[in-house]
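# Architecture at a glance
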Amino acid sequence: MRTVVIDGPRSVRLETRPDPALPGPDGAIVAVTAAGICGSDLHFYEGEIPIPGPVALGHEAVGTVVDAGPHVRTVQVGEQVMVSSVAGCGACPGCATRDPVTCSAGLQIFGSGVLGGAQADLLAVPAADFQLLKIPDQISTEQALLLTDNLATGWAAARRADIPFGGTVAVIGLGAVGLCALRSALAQGAATVFAVDRVGGRLERAAAWGATPVMAPAAEAIIAATGGRGADSVIDAVGTDASLIDAINAVRPAGTVSVVGLHDLQPFPLPVLPCLLRSITLRMTTAPVQRTWAELIPLLASGRFDVDGIFTARMPLAEAVTGYAIAGARSGEQVKVLLTP
Ligand SMILES: [Zn+2]
Ligand SMILES: [Zn+2]
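Quantities reported herein were computed from a predicted structural model and do not represent experimental measurements. (Residues numbered from 1 in each chain as written. Chains lettered and ligands numbered in written order. Predicted model: local features only at pLDDT ≥ 70, side-chain atom pairs only at ≥ 80, totals over all residues. Heavy atoms only, no water.)

### A short note on the packing of helix α5 (residues 150-159) against helix α11 (residues 289-302)
- Put simply, α5 and α11 touch, their axes get as near as 10 Å, and they point 95° apart. With respect to α11, the element α5 is oriented roughly perpendicular. The residues of α11 that touch α5, namely those facing L151, A152, W155 and R159, are V289, T292, E295, L296, L299 and L300.
- Grouping the amino acids of the contact of α5 with α11 by side-chain chemistry returns 7 nonpolar, 1 polar and 2 charged. (Axes fitted to C-alpha atoms, helices over the stretch in contact; angles between N-to-C directions. Helix = DSSP H or I, 4+ residues; strand = E, 2+ residues; numbered from the N terminus. Parallel < 35°, antiparallel > 145°, perpendicular 65-115°, else oblique. Contact = heavy atoms within 4.5 Å. Nonpolar A, V, L, I, M, F, W, Y, C, P; charged D, E, K, R; others polar.)

### Notes on the domain arrangement of the protein chain
- Segmenting the protein chain into domains produces domain 1 (2-149 + 288-339) and domain 2 (153-284).
- The centre of domain 1, based on its C-alpha atoms, is set 26 Å off from the matching centre of domain 2.
- Taken together, the contact pairs 24 residues of domain 1 with 18 residues of domain 2.
- Each partner contributes to the roughly 1700 Å² buried at the junction of domain 1 and domain 2, and carbon and sulfur atoms together form 63% of this total.
- It is F305, G332 and V335 in domain 1 that bury the most area against domain 2; as a group they hold 25% of the surface buried on that side.
- Put simply, domain 1 and domain 2 have 2 salt bridges between them.
- On the surface where domain 1 and domain 2 come into contact, there are 10 residue pairs in polar contact (both at pLDDT 80 or more).
- Mapped by element, the contributors of at least two residues to the side of domain 1 that touches domain 2 are α1 (39-45) and α11.
- Broken down by element, the residue count for the side of domain 1 that touches domain 2 peaks at 4 residues, all from α11. (Domains from an automatic or database assignment. Buried area = accessible area lost by both parts, 1.4 Å probe. Salt bridge = Lys/Arg side-chain N within 4 Å of Asp/Glu carboxyl O. Polar contact = N/O pair within 3.5 Å; in protein donor to acceptor, adjacent residues only side chain to side chain.)

Have a look at this one:
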């Protein structure tokens with residue numbers, strides 16, 4: 001099978017490897033029909049997260065079950081499924097809450113060196129009953145692919161941002177996760193969403209989706225626009241020192257900063273005293289992917305909540321190198337790349 005591999009900064013290639021074996025009697029093999037390139041893949045691509053050796057990339061996949069172990073109960077060979085990007089053992093008290101982050105065996109993420117990569121023809125999925133969900137009829141392939149990571153993350157970012165009904169929210173970073181967070185904040189009761197980025201095209205897209213565009217850094221403009229108060233909730237979907245400082249500066253006293261952008265491994269200089277004196281709540285979240293599905297699938301199926309327009313480029317898996325170049329450019333025209341094996 002073919003799989004996208006990275007072995008150093010910007011060094012991505014398509015490699016042929018042996019087909020994966022069933023990962024135990026509770027595992028399944030999924031023939032991938034669509035895979036996303038995620039902002040977190042770009043941390044490997046741009047060399048911010050060092051890798052010990054070649055890593056098979058990709059953690060967002062939908063596809064067809066082509067093999068399932070004898071203990072798999074909830075999906076069958078031939079069914080179309082989505083694969084949670086974050087995996088748990090499926091059997092412990094933590095996984096019983098549907099949040100793989102709380103798995104007592106520790107969470108695993110596809111395409112980061114331990115499990116296989118989703119940007120491939122085939123993906124081996126352990127504990128398939130926990131990781132896989134048959135795609136409901138009303139859910140499109142692109143919606144299902146966003147449910148494996150970016151929408152679950154944006155939704156969780158908003159849920160953990162303590163958004164008051166009628167509240168004011170700022171979303172910093174208008175890539176796929178930020179755009180999902182923007183729509184989630186509106187769906188969760190925000191009256192005003194400030195959409196913050198440095199790229200004009202991305203600000204224009206967010207404005208078209210009902211947000212108030214603000215060029216980063218945004219704290220000064222947000223403080224001014226809220227009568228000196230600040231936003232009730234700020235979502236940081238970038239994860240740099242600069243974006244997190246901007247978030248802390250933009251939030252109102254007793255407000256919440258919700259971080260889902262992947263920070264690098266360097267320590268962050270947290271301004272503790274100003275945060276303490278203003279009673280800031282700071283939350284950081286890896287999405288409880290499987291748990292979000294019970295909320296998001298009915299909302300998407302109802303048609304009253306949508307994430308159309310997030311995938312802006314679609315290409316065969318064979319063109320993954322081009323896909324990475326497009327995603328890595330972070331232009332105003334492109335948001336997210338979909339690869340089709
Ligand atoms: Zn991701
Ligand atoms: Zn577990």
